[in-house]
Amino acid sequence: MKYKLASSYGFCFGVKRAIKIAENTPHSITYGPLIHNKMEIDRLKSSFGVGLTENFDELSSDNTVVIRTHGIQKNELDRLKESSFDVVDATCPYVTKPQEICQKMSAEGYDIVIFGDRDHPEVKGVMSYADNAERVFVVLGADELFTLKLREKIAVVSQTTRKFTEFMQIIQALISASKEVRVFNTICNATGENQEAADELSKEVDIMLIVGGKNSSNTKQLFEICKTNCKSSFLVESASDIDEGWFDGKNFCGISAGASTPDWVISEVIDRVSKI
Ligand code: SF4
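As the structure is a prediction and not an experimental result, all values here were calculated from the model.

(A) Broad picture of the packing of aromatic side chains. Using the criterion set out here, one finds four aromatic pairs in the structure. With a centroid separation of 6.1 Å and an interplanar angle of 5°, the aromatic rings of F115 and F167 are classed as stacked. Taken together, the residues span a long stretch of sequence, with F115 in strand β6 (residues 111-115) and F167 in helix α6 (residues 164-177) at a distance of 52 residues. Its relative accessible area of 0% is what places F115 among the buried residues. Taking 3.9 Å as the distance between ring centres and 5° as the angle between the ring planes, the aromatic pair formed by F234 and W246 counts as stacked. You can see F234 sitting in strand β11 (residues 233-236) and its partner W246 sitting in the loop between β11 and β12 (252-257), a full 12 residues away along the chain. By relative accessible area, W246 is classed as partly exposed at 21%. Lying across the ring of F56, R79 places its NZ or CZ 3.7 Å from the centre. Its end group placed over the ring of Y110, K153 keeps NZ or CZ at 4.6 Å from the ring centre.

Okay, here's the thing in structure tokens:
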């Protein structure tokens, strides 16, 4: 069977980079889960001896500590470094950016507005870089801004995975109510890129496979997008889900994968399709 991969699929740049760092640091320990994918964390453990802890007191002096993709809080990072652990930072550069902005703008006396979920580790990490924790405000929508007593100088950043249109609403509301607003677009469009690529590819092919967890919301979104362009779209968790009958009378198969699907699962699917 002839096949083509979407131009963007599967793990994003930051996750791939973090996995490579962990693989290159065998027998290290990650402080918090490296990425949000249990299968991959288990593989790193069994193949590279990479452990996991969320508790500082469980670390021992001979541990090399890998910082997870979403970053950690500044005081935790400082504590690790001061305790003379070898620290290898796998924080995604797109996450480091809002951390640095928060630190710099806060030091310059700006109130910091973060568009995002205050309970998400990434947002907790970004907040922790502010000089003055009382002048950092996390909002999930423009309506929340009206209850805040913001000063005249405001810097605004976004959690990396938020929607651009919603970020724009927050920016608009801030601009109409404040004298000075510094806007930093810190949204990473990795998920959007996967969706655009799947949309394009599913228009070209006569069968489409989307590889990913059946309970993964971004995988299901990809499947829905493909289904509108290509009736023969199938969501498979692994190569063993593939039914060769799907390919009767078909010539060209497109393949995409959700953002939490490891490369080795996708490779097995490619291998199976290429043999049909
Ligand atoms: S910021 Fe973007 S590239 Fe980095 S880990 Fe998150 S989704 Fe991936």
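Here the narrative resumes, following the displayed structure.
(B) Region of interest: the pattern of salt bridges. If you walk through the whole model with that rule in mind, you get 13 salt bridges. E204 is the salt-bridge partner of K4, the closest N and O atoms lying 3.1 Å from each other. On the criterion of sequence distance, the pair formed by K4 in strand β1 (residues 2-5) and E204 in helix α7 (residues 190-204) is long-range, its members being 200 residues apart. Each of K20, E23, E40 and R43 takes part in a single network of salt bridges with overlapping partners.

(C) Focus on the sheet that holds strand β3 (residues 51-53). The sheet built from four strands is open, its strands ordered β3-β2-β4-β5 with parallel pairing. Of all the strands in the sheet, just β3 and β5 (86-89) have a single pairing partner and so form its edges. On average, adjacent strands in this sheet sit at an angle of 30° to one another, irrespective of strand direction. For strand β4 (residues 64-67) and β5, the ladder comprises four bridges, and the chain directions are parallel. Paired with I67 across the bridge in β5 is D89.

(D) Focus on empty space enclosed by the protein. On inspection of all chains with the given rule, the structure shows one cavity of 30 Å³ or more. Reported here for the largest cavity is a volume of approximately 40 Å³. Together, T30, L34, I41, L44, V50, G51 and L52 line the largest cavity. Its residues placed into classes, the lining of the largest cavity shows five nonpolar, two polar and no charged.

Criteria and thresholds
Residues numbered from 1 in each chain as written. Predicted model: local features only at pLDDT ≥ 70, side-chain atom pairs only at ≥ 80, totals over all residues. Heavy atoms only, no water. Phe/Tyr/Trp six-rings, centres within 6.5 Å; stacked < 30°, edge-to-face > 60°. Helix = DSSP H or I, 4+ residues; strand = E, 2+ residues; numbered from the N terminus. Buried < 20%, exposed > 50% of the residue type's maximum accessible area, 1.4 Å probe, protein only. Lys NZ or Arg CZ within 6 Å of the ring centre and 35° of its normal. Salt bridge = Lys/Arg side-chain N within 4 Å of Asp/Glu carboxyl O. Pairing = 2+ DSSP bridges. Axes fitted to C-alpha atoms, helices over the stretch in contact; angles between N-to-C directions. 1 Å grid on protein atoms, 1.4 Å probe; cavity = no way out; pocket = protein on both sides within 12 Å on 5 of 7 lines; lining within 4 Å. Points joined across faces, edges and corners; volume = space filled by probe spheres on them. Nonpolar A, V, L, I, M, F, W, Y, C, P; charged D, E, K, R; others polar.

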